[in-house]
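Spelled out, the chains give:
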Amino acid sequence: MFYAAFLIGLMGSLHCVGMCGPLTLMLAPKGSSSFRYYFGRVLYNSGRVFTYTLLGFTVGFFGESASFFVSQKTLSLTLGFAIILYFLLPEKIKNKLANLKIANSYLTKVKGFFGFLFGSNKLLSQFSFGLVNGLLPCGLIYAALSGAFLMTNWYDAGLYMAAFGLGTIPLMLPVSLGFSSLRLFISKNFKNLIPATYLVVAVWLIWKGFGFDIKNLYTAPNEKPAVECKMQ
């Protein structure tokens, strides 16, 4: 299950580069210490993965509770088809959803943190930059959290999101180090990459959903029904 999360992160990192790649320009530029520069970039990416992991723990806690009332099969299929449905919506509706007042208010606060950390050469600041980066509204992260929501317990959900975050490193680390040619290539093909990455996640959720067996509506994952009916 975790290898699937890593692959989703790896494929989805094309989306991450297009969306978050420009933010790396706000990180401290290369100074006199090469070690500090490279280690700072590693800390930045570590901060992102740490935030994803915490989000996974949180979502997993609620998912574990929800599994007592709704089957994992239903949840997985619903989430998968919901992602596909979103991309079939007219652009006007998508724009309205993206510009909800509460979303804009949240984004403004997150940008305020970025402004506070802008250009700081402190290693803790670069780690914090990554922490805040992981909190940015992002459809790909929400899609990955859908998979974490289906885990059987909260710590597996956290590990799932950690694997997802690690999958983004192979592309995001070079971009944060200044590989502008890679960022330019992905930016040019960004419109085509977005649907492809989300479609992969949606297909995976649907495929996973059809693989679940419905045993008992009120039975937690990997547990036997509390009440068994026996013939007299």
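Everything numeric here is computed off the predicted structure, so don't read it as measured data. Counting restarts for each chain: residues are numbered from 1 in the order of the written sequence. Only residues with pLDDT of 70 or above have their local features reported here, since the model is predicted, and side-chain atom pairs are shown and tallied only from 80 upward, although totals for entire chains, interfaces and linings are computed over all residues. Hydrogen atoms and water are omitted, and side-chain values are computed over all heavy atoms in the structure.

On to the overall build of the protein chain. Helices and strands together make up the secondary structure of the protein chain, namely ten helices and zero strands. In this description a helix means any DSSP run of H or I spanning at least four residues, a strand means any run of E spanning at least two, and both kinds are numbered starting from the N terminus. Listing the helices and strands of the protein chain from first to last along the sequence gives α-α-α-α-α-α-α-α-α-α. Only protein chains enter the accessibility calculation, which uses a 1.4 Å probe; a residue is then buried when its area is under 20% of its type maximum, exposed when over 50%, and partly exposed in between. With 232 residues in all, the protein chain has 44% of them scored as buried. Contact between two residues is taken to exist if any of their heavy atoms lie within 4.5 Å; hydrogens are not considered. The contacts in the protein chain between residues at least 6 apart in sequence include a share of 84% that link residues at least 24 apart.

A separate point is the side chain of Ser176. Relative to the assigned elements, Ser176 resides in helix 8 (residues 154-176). Residue class for Ser176 comes out buried when judged on its relative accessible area of 3%. Setting aside its immediate chain neighbours within four residues, Ser176 contacts Thr24, Tyr37, Arg41, Tyr44 and Asn45.

Turning our attention to the UniProt feature "transmembrane region" (unreviewed entry) in the protein chain. This chain's UniProt record puts "transmembrane region" (unreviewed entry) on residues 6-28, 49-68, 74-89, 127-151, 157-177 and 189-207. Taken end to end, residues 74-89 is 94% helix and 0% strand, and its first and last C-alpha atoms sit 22 Å apart. Strand forms 0% of residues 127-151 and helix 72%; the C-alpha atoms that close the span are 28 Å apart. UniProt positions are given in the numbering used here, feature names are shortened, and annotations may be inferred rather than shown by experiment.

Given the number of residues in a helix, its expected span is that number minus one, multiplied by 1.5 Å. The terminal C-alpha atoms of helix 3 (residues 72-88) lie 25 Å apart, and with 17 residues this matches the ideal 24 Å at 1.5 Å per residue to within 8%. What helix 3 keeps buried is the set Gln72, Lys73, Leu75, Ser76, Leu77, Gly80 and Ile83.

With respect to the secondary-structure elements, Thr53 resides in helix 2 (residues 34-66). For Thr53, a relative accessible area of 14% translates into the label buried. Those residues in contact with Thr53, other than ones at most four positions away along the chain, are Gly158, Met161 and Ala162.

Centres within 6.5 Å make a pair out of two Phe, Tyr or Trp rings, where for Trp the six-membered ring is used; the pair is then stacked when the planes are under 30 degrees apart, edge-to-face when over 60, and tilted otherwise. Going through the model one piece at a time under the given rule, you end up with eight aromatic pairs. A ring is considered to have a charge above it if a Lys NZ or an Arg CZ atom is located within 6 Å of its centre and within 35 degrees of its normal. When the ring centre of Tyr44 is taken as origin, the NZ or CZ atom of Arg48, which lies over that ring, is 5.9 Å away.

What follows concerns helix 1 (residues 2-20). With 19 residues, helix 1 ought to run about 27 Å at 1.5 Å a step, yet its terminal C-alpha atoms sit only 24 Å apart, falling short of that. Within helix 1, the axis deviates most sharply at Gly12, by approximately 40°. For helix 1, the set of buried residues is Ala4, Ala5, Ile8, Gly9, Gly12, Ser13, His15, Cys16, Val17, Gly18 and Cys20. Note on bend: the value at a residue is the angle between axes fitted to the seven residues ending there and to the seven starting there.

Now for the nonpolar core. Counting residues in hydrophobic clusters, the biggest one holds 40 residues, and the most contacted among them are Ile83, Leu140, Ile141, Tyr160, Met161, Phe164 and Val201. If one sorts the elements of this core by residue count, helix 8 sits on top with eight residues. For Leu140, the contacting residues outside a window of four places in its chain are Gly12, His15, Cys16, Phe164, Tyr198 and Val201. For the purposes of this section, nonpolar cores are sets of buried Ala, Val, Leu, Ile, Met, Phe, Trp, Tyr and Cys residues that join through side-chain atoms within 4.5 Å.

Before going further, it helps to examine the packing of helix 2 against helix 6 (residues 123-133). Look at helix 2 against helix 6: their axes get within 6 Å of each other, and the N-to-C directions meet at 35°. Crossing geometry of helix 2 relative to helix 6 is assigned as right-handed. Residue-level inspection shows Arg36, Phe39, Gly40, Arg41, Leu43, Tyr44, Ser46, Gly47, Arg48, Phe50 and Thr51 of helix 2 in contact with helix 6, the latter providing Leu123, Gln126, Phe127, Phe129, Gly130, Leu131 and Asn133. Here the residues of the contact of helix 2 with helix 6 sort into eight nonpolar, seven polar and three charged. To get an axis, fit a line to the C-alpha atoms, keeping to the stretch in contact for a helix; angles then go from 0 to 180 degrees between the N-to-C directions. For any helix crossing, the convention is left-handed if the near helix is rotated counterclockwise from the far helix by under a right angle, and right-handed if that rotation is clockwise. Classes in brief: Ala, Val, Leu, Ile, Met, Phe, Trp, Tyr, Cys and Pro nonpolar; Asp, Glu, Lys and Arg charged; the others, Gly included, polar.

What follows covers a nonpolar patch on the surface. For patch building, the residue pool is restricted to those with more than 30% relative accessible area and no salt bridge; the joining distance is 9 Å between like charges and 5 Å between nonpolar side chains (Val, Leu, Ile, Met, Phe, Trp, Tyr). Areas reported here follow the Shrake-Rupley algorithm with a probe of radius 1.4 Å; residue values treat only the protein chains shown as occluding. The working definition used for a salt bridge is a side-chain nitrogen of Lys or Arg within 4 Å of a carboxyl oxygen of Asp or Glu. On the surface, Tyr3, Phe6, Leu7, Leu10, Met11, Leu166 and Val200 cluster together into a nonpolar patch covering about 620 Å² of accessible area. The leading source of residues in the nonpolar patch is helix 1, at five residues. Within the secondary structure, Tyr3 sits in helix 1.

pLDDT expresses, on a scale from 0 to 100, how confident the predictor is about each individual residue. With 72% of its residues at a pLDDT of at least 70, the protein chain reaches an overall mean of 76. The least confident element of the protein chain is helix 9 (residues 180-188), whose mean pLDDT is 63; the most confident is helix 8, at 90. Confidence drops under pLDDT 50 across residues 214-221; counting only partners more than four residues distant or on other chains, this segment forms 18 contacts. Within the model, pLDDT remains below 50 along residues 225-232, and this stretch shows two contacts once partners closer than five positions in the same chain are excluded.

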